[in-house]
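Here is what each chain is made of, one letter per residue.
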Amino acid sequence: MSVQPSAPTASLRPAMNMHSLMKMLAEGEKITMLTAYDATFAAVADLAGIEIILVGDSLGMVCQGHNSTLPVTLEAMRYHTECVARGLQKQNGRPLVLGDMPFGSYATPEQAFRSASVLMQAGAHMVKLEGGAWLAPTVEFLVTRGIPVCGHLGLTPQSVNTLGGYRVQGRTESAAQQLMNDSLLLQNAGAQALVLEMVPAVLSGEITHALKTCATVGIGAGVDTAGQILVLHDMLGVTQGKVPKFAHNFMTESGSILGAMQAFVQAVKTKKFPINELHAW
Ligand code: KIV
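First things first, this report covers the structure right here in the doc. (Residues numbered from 1 in each chain as written. Predicted model: local features only at pLDDT ≥ 70, side-chain atom pairs only at ≥ 80, totals over all residues. Heavy atoms only, no water.)

### As for the site of the ligand
Every residue close to the ligand is listed here: T35, L54, G56, D57, S58, D100, K128, H152, V195, E197, I219 and V231. Side-chain polar atom of S58 to an oxygen atom of the ligand: 2.5 Å apart, as the coordinates give it. Between the ligand and the protein, one listed contact pairs an oxygen atom with a side-chain N or O atom of D100 at 3.1 Å. For the ligand, whose accessible area on its own is 260 Å², the fraction buried by protein is 96%. For the shell around the ligand, the class distribution of residues is four nonpolar, four polar and four charged. (Near = heavy atom within 4 Å. Polar contact = N/O pair within 3.5 Å; in protein donor to acceptor, adjacent residues only side chain to side chain. Areas by Shrake-Rupley, 256 points an atom, 1.4 Å probe, with all protein chains shown as cover. Nonpolar A, V, L, I, M, F, W, Y, C, P; charged D, E, K, R; others polar.)

This is the structure we're talking about:
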């Protein structure tokens, strides 16, 4: 597979920061987020124009071969965050680096601050945590201490054992109301981004509309979120085993890794991905 650039789409784009993220939200420009776990893929994602690179704990499944994200350690997240940040330094370093807080690393606000500091010192610009109302004090604790936060609601893979599997969330009226309430609580605590995973498209559209200072980024959540995220291996079509129904293989129509990432960026910006009808849960 080639990684040769087909066009330097991102060459004129300034480096992202929290201010430019909020500007994109205010102006309604779709935000692109993609996972990467090493220096090379991070640099290619930068070239392709990706705005946020998530160093996701999905690395436990796609890089380490586990069947869930639970075994991923803070040390592994630190290592991969450093690799990604180093790859961007050699490039122009335009994307924001979002470090995923692994399972068991944020049970209390104090523990969350210690864990988040490790990822920030490794090169993250923002950290992501999975959970609703119970996390609001932690989000406030981190933001007050200079750490931008991205929430993660809907299907939260670290809770796969309590959720009983990788299932769509927010289907009943009360579950939908809880997701809306949790989203507002996280925003009010200071979260500036929020991943919505496997949430019905109508509900994620309503949450996106209700939030004013927090950008929703959907995965299997329809087209009406402020941005879209995919797992790198899914969008390159190299995931072994079960591929999520909402994922799209951008390699088949692109022929190179850079081309696939550029096609993803283009499809998100023009609202051609995702197609709601294909993800009507
Ligand atoms: O770890 C990850 O890659 C994630 C995405 C699925 C949003 O959390």
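### Structural notes on the environment of E253
The topology assignment puts E253 in the loop between α10 (232-235) and α11 (257-269). When the C-alpha atoms of E253 and P71 are compared, they prove to be 34 Å apart, with 182 residues separating the residues in sequence. (Helix = DSSP H or I, 4+ residues; strand = E, 2+ residues; numbered from the N terminus.)

### Here's the deal with the environment of V62
Tracing the backbone shows V62 in helix α3 (residues 59-62). The spatial distance from the C-alpha of V62 to the C-alpha of D234 is 9.2 Å, given a sequence separation of 172 residues. In contact with V62, other than residues within four places in its own chain, are Y37, V231 and H233. (Contact = heavy atoms within 4.5 Å.)

### Some details on the pattern of salt bridges
This structure, assessed with the given rule, holds eight salt bridges. Residues E51 and K269 are paired through a salt bridge, measuring 2.6 Å at the closest nitrogen-oxygen approach. Taken together, the residues span a long stretch of sequence, with E51 in the loop between α2 (39-48) and β2 (52-55) and K269 in helix α11 at a distance of 218 residues. For E51, a relative accessible area of 3% gives the class buried. Classification of K269 as partly exposed rests on a relative accessible area of 25%. Here E75 ties to R78 by a salt bridge, and the two come within 2.7 Å at their closest N and O atoms. Taken together, the positions of E75 and R78, both in helix α4 (residues 74-90) and three residues apart, correspond to about one turn of that helix. Since its relative accessible area comes to 22%, R78 is described here as partly exposed. (Salt bridge = Lys/Arg side-chain N within 4 Å of Asp/Glu carboxyl O. Buried < 20%, exposed > 50% of the residue type's maximum accessible area, 1.4 Å probe, protein only.)

### Concerning the sheet that holds strand β1 (residues 31-35)
To summarise the sheet geometry, strands pair through backbone hydrogen bonds and adopt either a parallel or an antiparallel arrangement. With parallel pairing, the eight strands of this closed barrel are ordered in space as β1-β2-β3-β4-β5-β6-β7-β8. Along the sheet, successive strands turn relative to each other by an average axial angle of 25°, direction set aside. Pairing of β2 with strand β3 (residues 96-100) involves four bridges; the strand directions are parallel. Residue pairing in the sheet places I52 in a bridge with L96 of β3. Along the sheet, α11 makes contact with β1 and β8 (227-230), crossing β1 at roughly 145°. (Pairing = 2+ DSSP bridges. Axes fitted to C-alpha atoms, helices over the stretch in contact; angles between N-to-C directions.)

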